[in-house]
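Chains, contacts and geometry: an overview
Here are the chains, one letter per residue:
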Amino acid sequence: MGIFLGCRDLSICFYNHSNKILSDITLSINKGEKVLILGPSGSGKSTLISALAGIIPEHIEAEVSGEVFLRSNAGVMFQDPDSQFCMLRVDEEIAFSLENRSIPQGEMDSMIADLMDKVGLKVNKRTQIELLSGGMKQRLALACLLALEPEVLFFDEPTAQLDPAGRKEIFDLLKQISKMTNQTMVFVEHVLDGCIEWMDRVIMLNESGTIIADGKPEEILLNYNHEMAEAGIWRPKIFPYNWMDVVENDAHPLSIKLSKMIETEPQVRINRDVLIRIENVEIGYSMKTILKDININIHKGEWVSIVGANGSGKSTLLKSLIRLESIKRGKISFQNKDLKKWKDRELYEQAGFVFQNPELQFLTDTVFDEIAFGGWQRNWTEKQINTKTIQLLQEFGLQIYRNVHPFTLSLGQKRRLSVATMLLFDQPLLLLDEPTFGQDEKTAHELINRLKKIQEQGTTIVMVTHDMDIVDTYSDQVILLNKGRVSYQGTPYGLFSKLDIVSETKIIPPLHYQLMYARKERVIV
């Protein structure tokens, strides 16, 4: 019997890279298998599934050697669903997939309704795609893929841009579909909780693009824990344990670990010098209001986390602090001066911004030049520029890519570069939109520790994030947005200890708080 899906001695090198992305990969995937591919950022995970899906080299040019065993009909869901859509409305997008199968128009309406029901897309079929939330867009993307009746489904971090609640919904949906259809599925994921539990198999790559482990999830976690830690691969927070065993058994290893983390509210030192003052601010577009009645003080040297569900206005608020989004009403002051009165050059010398999509801030043709660009703009000497740029390249693990184009980097590498470009200067304010998005565990921790150091040196950090462990560990202040308003402003402990707010806003708090709730411990705040 031939190989259903796989490759033999597969190596891939992109034409603008000197090193191979993948080296001598041999694997075989059986029909109906659920396979998870793990590896550090830049290890070639996305490149591997692109090759198995036939995207490389048919649509993305690369030097490929070895054999690839493809299926004639495969579907791929990418990190950004918007990149897959070509129509304006939900029904039109699904119909486009059906047209590719030559389905008669008279049969489409019932099939569209069935597909929307299967993926839980509970909206009017004539809804404009741009009005859907991130989670709903992923459901639509999945409906379009299922409409093609693919033999294999590939998922390249399908939940990367979703909040934790949305991520859980998509994983639950995919698990349900896999049971109903026995669909062959191949995943690349950084966040494993909700996914690894129902995988048949885990394949692990190292940073050189070579397979170092292949087996059942439990076996990989047990036998390759050290290698996963060294490679910076995120490990699940609960699996292979059973959560109820943790809750009911005080002697359980995870229960003991989490119990030590439950503490009384810490004393927080606040610098009373206000850096940013937001007064009665309303933000929106045309007749639509995104946020209103926003009143926030951000103090010098604070670490402030902005949290909330997808579409709650987190990025919009962050951008308004540096005039990338205008406000409809109210006032924002920065360093006791109306934000509107700052000249652009002066403002951007005092504040740096890291976009959620790093490509939006790239301006040059090499990684080195991207970091050095700001120094040239400020007429630094070549010695100053070289010294600081090389230092940042080393700190962010980008030195071997110094001469490559920023757009050819992996997503995680692009993210690191985008942060590095903002650390060339000692600005009093740094604004970051999901800085750990797409990062492996090791790189994410290094990045956060780097930010902590510059905060300790006096820089104010304002960060949008979905990572509640980062919020809990590092934040002096957390701002929760819900339904266009600030639902909570205070310490992380104060937020995560309020079960009513957590439940209403669908925040998934760190595990030690979940343990506290599960044991029905009452904490008076």
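Anything mentioned here points back to the structure above.
Attention in this report is confined to the structure presented alongside it. What you see is a predicted model; the values in this text were computed from it and never measured. (Residues numbered from 1 in each chain as written. Predicted model: local features only at pLDDT ≥ 70, side-chain atom pairs only at ≥ 80, totals over all residues. Heavy atoms only, no water.)

Okay, the overall build of the chain next. Per the secondary structure count, the chain includes 20 helices and 19 strands. Whereas a compact globule of 525 residues would reach a radius of gyration of roughly 24 Å, the chain reaches 24 Å, a difference of no more than 12%. Dimensions along the principal axes, computed over C-alpha positions, put the chain at roughly 70 × 60 × 55 Å. Within the span of the chain, comprising 525 residues, buried residues form 53% of the whole. Of the charged side chains in the chain, 59 are positive and 70 negative; the average position of the first set lies 6 Å away from that of the second. (Helix = DSSP H or I, 4+ residues; strand = E, 2+ residues; numbered from the N terminus. Rg over C-alpha atoms; globule rule 2.2 N^0.38 Å. Buried < 20%, exposed > 50% of the residue type's maximum accessible area, 1.4 Å probe, protein only. Lys, Arg positive; Asp, Glu negative; His and termini not counted. Charge placed at Lys NZ, Arg CZ, Asp CG, Glu CD.)

With that settled, the discussion passes to the sheet that holds strand β17 (residues 460-464). Judged by pairing direction, the sheet is mixed, and its 6 strands sit side by side in the order β15-β16-β17-β12-β18-β19 without closing on themselves. Bordering the open sheet on either side are β15 (351-354) and β19 (485-490), each of which pairs with just one other strand. Across this sheet, the average inter-strand angle for adjacent strands is 15°, counted without regard to direction. By the bridge criterion, 5 bridges tie strand β12 (residues 303-308) to strand β18 (residues 477-482) in an arrangement that is parallel. In the sheet register, I306 faces β18, and the bridge partner there is I479. The sheet strands contacting helix α15 (residues 411-422) are β15 and β16 (429-433), and the helix crosses β15 at an angle near 175°. (Pairing = 2+ DSSP bridges. Axes fitted to C-alpha atoms, helices over the stretch in contact; angles between N-to-C directions. Contact = heavy atoms within 4.5 Å.)

Moving on: the pattern of salt bridges. According to the stated counting rule, one finds 19 salt bridges in the structure shown. We note a salt bridge from D214 to R201, for which the minimum N-O separation is 2.8 Å. Placement of the pair is D214 in strand β9 (residues 211-215) and R201 in strand β8 (residues 201-205), with a sequence separation of 13 residues. Ionic pairing is found between R450 and E395, a salt bridge with its closest N-O pair at 2.4 Å. Placement of R450 in helix α16 (residues 441-456) and of E395 in helix α14 (residues 382-395) is noted, with a sequence separation of 55 residues between them. (Salt bridge = Lys/Arg side-chain N within 4 Å of Asp/Glu carboxyl O.)

Turning to the environment of D9, a few remarks are in order. When you line up the elements, D9 lands in strand β1 (residues 5-13). Separated by 241 residues in the primary sequence, D9 and D250 have C-alpha atoms spaced 49 Å apart.

Relative to the helices and strands, D433 is located in strand β16. Within the structure, the side chain of D433 is placed 2.6 Å from the side chain of S315, a separation counted as a polar contact. Excluding its chain neighbours within four sequence positions, the residues that come into contact with D433 are S315, L318, V354, F355, Q356, R415 and V464. (Polar contact = N/O pair within 3.5 Å; in protein donor to acceptor, adjacent residues only side chain to side chain.)

We now examine the sheet that holds strand β13 (residues 329-334). Pairing between sheet strands relies on hydrogen bonds along the backbone, with the strands arranged either parallel or antiparallel. With antiparallel pairing, the 4 strands of this open sheet are ordered in space as β11-β10-β13-β14. The sheet terminates laterally at β11 (288-299) and β14 (337-338), the two strands that pair on one side only. Sheet analysis places strand β10 (residues 274-285) next to β13, joined by 5 bridges and oriented antiparallel. In the strand pairing of β13, I278 is matched with I332.

Working note: regular strand, side chains alternate between the two faces of the sheet. Summarising burial for strand β3 (residues 34-38): 5 of the 5 residues are buried, a large majority. Burial of the side chains of β3 extends over both faces: K34, L36 and L38 are buried on one face and V35 and I37 on the other. The pairing of β3 with strand β7 (residues 184-188) spans 4 bridges and is parallel. Each bridged residue has a counterpart across the sheet, and for K34 the counterpart in β7 is M185. Across 4 bridges, β3 lies against β8 in parallel orientation. Residue L36 lies in a different strand from β8, and its bridge partner there is V202.

Another point: helix α13 (residues 367-377). Buried within α13 are the following residues: V367, F368, E370, I371, A372, G374 and G375. For α13, the secondary structure elements touched by its buried residues are α14 and α15. Just past α13, the residue N379 takes up positive phi, approximately 60°.

Let's shift gears to the environment of L145. Here L145 shows up in helix α5 (residues 134-147). Taking C-alpha positions, L145 is 44 Å from I278, a pair spaced 133 residues apart along the chain. Once residues lying within four places of it in the same chain are set aside, the contact partners of L145 are G75, V76, M77, Q84, P150 and L153.

Let's shift gears to the packing of helix α3 (residues 90-100) against helix α4 (residues 105-118). The interhelical angle for the contact between α3 and α4, taken along N-to-C directions, is 110°, at an axis separation of 10 Å. By the angle class used here, α3 and α4 are roughly perpendicular. The handedness of the crossing between α3 and α4 is right-handed. Touching V90, D91, I94, A95, L98 and E99 of α3 are M108, M111, I112, L115 and M116, all from α4. Residue classes in the contact of α3 with α4 are distributed as 9 nonpolar, no polar and 2 charged. (Parallel < 35°, antiparallel > 145°, perpendicular 65-115°, else oblique. Left-handed = near helix turned anticlockwise from the far one by under 90°. Nonpolar A, V, L, I, M, F, W, Y, C, P; charged D, E, K, R; others polar.)

Membership of the largest hydrophobic core comes to 49 residues, with the highest contact counts inside it found for L36, I94, L140, L142 and F187. Here the element with the most residues in this core is α5; it accounts for 8 residues. Residues in contact with L36, not counting those within four places in the same chain, are F187, E189, L192, C195, I196, M199, R201, V202 and I203. In this structure, W303, V354, V404 and V419 belong to the second largest nonpolar core, which totals 32 residues. (Core = buried A, V, L, I, M, F, W, Y, C linked by side-chain atoms within 4.5 Å.)

Turning our eyes to something else, we now look at a positive patch on the surface. A cluster of basic residues, K331, K337, K341 and K343, forms a positive patch at the surface. Its location among the elements puts K341 in the loop between β14 and α12 (344-350). (Patch = residues over 30% accessible without salt bridge, like charges linked within 9 Å, V, L, I, M, F, W, Y side chains within 5 Å. Areas by Shrake-Rupley, 256 points an atom, 1.4 Å probe, with all protein chains shown as cover.)

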